[in-house]
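This is what each chain is made of:
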Amino acid sequence: MALLTIEEPDAPAAAGWTRRPLWALGFRPFYLLAAGFAALAIPAWLAAYHGLLPRAGALTLLWHLHEMVFGMAVAVVIGFLYTAGRNWTNLWTPRHGALALLAALWVAGRLAMLVDAGDTARTWAALVDSLFLPVATLPLWRVLRRAANRRNYFMVLLLVLLAVANLCWHAAVLGLASWSPMLPLQAALFIIVLMEAVIGVRVLPMFTRNGAPGSTPAVRPWLDRAGLACTVAASVGWVAGLAALAPGAMAALAGAAGVLTLVRLAGWQPQRTLRVPLLWVLHLSYAWIGAGFLLLGAAALGLAGTSAAFHALAVGSMGGLVIGMMCRTSLGHTGRPLKAGSAEVVMFAAIQLAALARVTGSLDLAAAWREPALVVAGMAWTVAFGLFVLAYRPRLCAARLDGKEG
């Protein structure tokens, strides 16, 4: 994770572009690619949505939803897990040429998803896009198995489930399955939220204790287990259609997941982090998980729209935790102090504005503000991720300041 450093002897420089610092560890290329793509994809989709692109056949709502989850978010997850896997096992995850090939496969998937030229081309595009997750998961599994790091095997399982969800999405879009393509997208988002919830339980109390003077975050394993169990149950229940079969039961599960998430977070003393941007962005973004499940419970009872709930999870928790952890791990793993500057504060504020605008614009009470809120959310999102590229590209493309590998 972000606070852990790698104690390795310096390696001699080798010829070839794949030996440049950019390819030294997974977070470097995948964070840059994900942020750059996020900063470009949302304006492109908004332009298509408002009819400003003359030939925007591929830039549909389904493309937008798929690419934010299986494009941007998956790239961050792989970059993060490759970097964390190195720390967990003291073994190298893909780097140099292997890492460059994986990044190229991810880029090929993004280009393939822009294809809008008939069923045959779409089938090939589905094959290209579906390759990345299985190919990227295998090296992580090998490293964890070699180190007998059983504690993190479940991360591989979640990546496999993401790959299955992506295949199910393509099957629906190609007409090979009868389910709605929205179902695997929602399932994939729940999987990513579960990753966030588990990692948050592991690291947020530690980060807070180490970074917020005077804090004593409470770690209560029984509450962590109960909260995560309710998160899993609510996610499975929603995907299984429990909201239609038993709305009350679905609302109870989602409400319990939301309340327990917020209670757990309150015990980590988020109020102690207000002067530490690298911490408050993580706490605030984690709170969006709780808000998202509470909105999901309301949606099951017909009191709110599902769009508000899923955007709370996607923009608020996923977007916020992605930008916060990308900054934190990038600073730590390039040998820099874990201290936010003005660029980071703008990024963190922008992503929270994007979440607030997108969620409130999806509520029935703010229906008249939906279109302006959509534009504000898109602009704020683009500022956050575009600024990450500008601020962190030089750092991610340069060697560690402390001379270590990675």
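Residues numbered from 1 in each chain as written. Predicted model: local features only at pLDDT ≥ 70, side-chain atom pairs only at ≥ 80, totals over all residues. Heavy atoms only, no water.

Going by an unreviewed UniProt entry, the protein chain carries the name NnrS family protein and comes from Pseudoduganella albidiflava.

**Quick word on the nonpolar core**
Short version of the rule: Buried residues of nine kinds, namely Ala, Val, Leu, Ile, Met, Phe, Trp, Tyr and Cys, make up a nonpolar core once their side-chain atoms join them within 4.5 Å. Throughout this description, buried means an accessible area under 20% of the type-specific maximum (1.4 Å probe, protein chains only), exposed means over 50%, and partly exposed covers the range between. We call two residues contacting when some pair of their heavy atoms lies within 4.5 Å.
Judged by nonpolar contacts, the single largest core of 130 residues is most densely connected at Leu 162, Phe 293, Trp 381, Phe 385 and Phe 388. Residues contacting Leu 162, with those up to four places away along its chain left out, are Phe 70, Val 74, Leu 133, Ala 188, Ile 191, Ile 192 and Met 195.

**Topic: the packing of helix 7 (residues 221–239) against helix 9 (residues 247–267)**
Defined as follows: Lines fitted to C-alpha atoms define the axes here, with helix axes fitted over just the stretch in contact, and angles between the N-to-C directions of these axes take values from 0 to 180 degrees. By the criteria applied, helices consist of DSSP H or I runs no shorter than four residues and strands consist of E runs no shorter than two, each listed in order from the N terminus. Left-handed describes a crossing in which the near helix is turned anticlockwise from the far one by less than a right angle; the clockwise case is right-handed. Note on residue categories: nonpolar means Ala, Val, Leu, Ile, Met, Phe, Trp, Tyr, Cys or Pro, charged means Asp, Glu, Lys or Arg, and polar means any other residue, Gly included.
Close contact between helix 7 and helix 9 brings their axes to 8 Å; oriented N to C, the two are set at 145°. Pair helix 7 / helix 9 crosses with left-handed handedness. Touching Leu 223, Asp 224, Ala 226, Gly 227, Leu 228, Cys 230, Thr 231, Ala 233, Ala 234, Gly 237 and Trp 238 of helix 7 are Met 250, Leu 253, Ala 254, Ala 256, Ala 257, Leu 260, Thr 261, Val 263 and Arg 264, all from helix 9. Partitioned by chemical class, the residues of the contact of helix 7 with helix 9 number 14 nonpolar, four polar and two charged.

**Topic: the packing of helix 1 (residues 27–49) against helix 13 (residues 370–396)**
To be explicit about the condition: The labels follow the angle: roughly parallel below 35 degrees, roughly antiparallel above 145, roughly perpendicular from 65 to 115, and oblique for the rest.
Taken N-terminus to C-terminus, the directions of helix 1 and helix 13 make an angle of 155°; their axes are 9 Å apart at the nearest point. In terms of orientation, helix 1 lies roughly antiparallel with respect to helix 13. Taken as a pair, helix 1 and helix 13 cross one another with a handedness that is left-handed. Split by residue class, the contact of helix 1 with helix 13 holds 17 nonpolar, four polar and five charged.

**As for the pattern of salt bridges**
Our working definition: When a carboxyl oxygen of Asp or Glu is within 4 Å of a side-chain nitrogen of Lys or Arg, the pair counts as a salt bridge.
Throughout the structure, instances matching the rule amount to six salt bridges. One salt bridge connects Arg 110 with Glu 67, and the closest N-O pair in it is separated by 2.6 Å. Of the two residues, Arg 110 sits in helix 3 (residues 96–112) while Glu 67 sits in helix 2 (residues 61–89), which places them 43 residues apart along the sequence. Accessibility expressed as a relative area gives 6% for Arg 110, which makes it buried.

**Some points on helix 2**
Basically, it comes down to this: Under the convention used throughout, the expected extent of a helix is 1.5 Å for every residue step, that is, one less than its residue count. The term bend refers to the angle at a residue between two fitted axes, each drawn through seven residues, those ending there and those starting there.
The terminal C-alpha atoms of helix 2 lie 40 Å apart, and with 29 residues this matches the ideal 42 Å at 1.5 Å per residue to within 8%. Along its length, helix 2 shows its largest kink, about 40°, at Glu 67. When you tally the buried positions in helix 2, you get 26 out of 29 residues, the bulk of the element. One or two residues past the end of helix 2 sits Asn 90, with phi positive at roughly 60°.

**Considering helix 5 (residues 153–173)**
An α-helical turn contains 3.6 residues, so any two residues separated by three or four positions project in the same direction. The first and last C-alpha atoms of helix 5 sit 31 Å apart over 21 residues, in line with the 30 Å expected at 1.5 Å per residue. Within the sequence span of helix 5, burial applies to Met 155, Val 156, Leu 158, Leu 159, Leu 162, Ala 163, Ala 165, Asn 166, Trp 169, His 170, Ala 171 and Ala 172. Taken together, the buried residues of helix 5 touch helix 2, helix 4 (119–146) and helix 6 (182–211). Directly after helix 5, the chain includes Gly 175, whose backbone phi takes a positive value near 80°.

**Structural notes on unusual backbone geometry**
Its identity as a non-glycine residue notwithstanding, His 96 has a phi of 55°, on the positive side. Inspection of the secondary structure puts His 96 in helix 3. Take His 96: its relative accessible area is 15%, and that puts it in the buried class. Notably, Gln 269 is not glycine yet its phi reads approximately 60°, a positive angle. For Gln 269, the position within the fold is in the loop between helix 9 and helix 10 (277–300).

**Topic: a nonpolar patch on the surface**
We count it as follows: Patches draw on residues past 30% relative accessible area with no salt bridge. Two like charges within 9 Å are joined, as are two nonpolar side chains (Val, Leu, Ile, Met, Phe, Trp, Tyr) within 5 Å. Accessible surface area values rest on a Shrake-Rupley calculation with a 1.4 Å probe, where residue burial reflects the displayed protein chains alone.
A grouping of Val 259, Leu 262, Val 263 and Leu 294 is seen on the molecular surface, where their side chains present a nonpolar patch of about 270 Å² in accessible area. At three residues, the largest contribution of residues to the nonpolar patch is made by helix 9. As for its position among the elements, Val 263 is in helix 9. Taking the relative accessible area as the measure of exposure, Val 263 reaches 37% and is therefore partly exposed.

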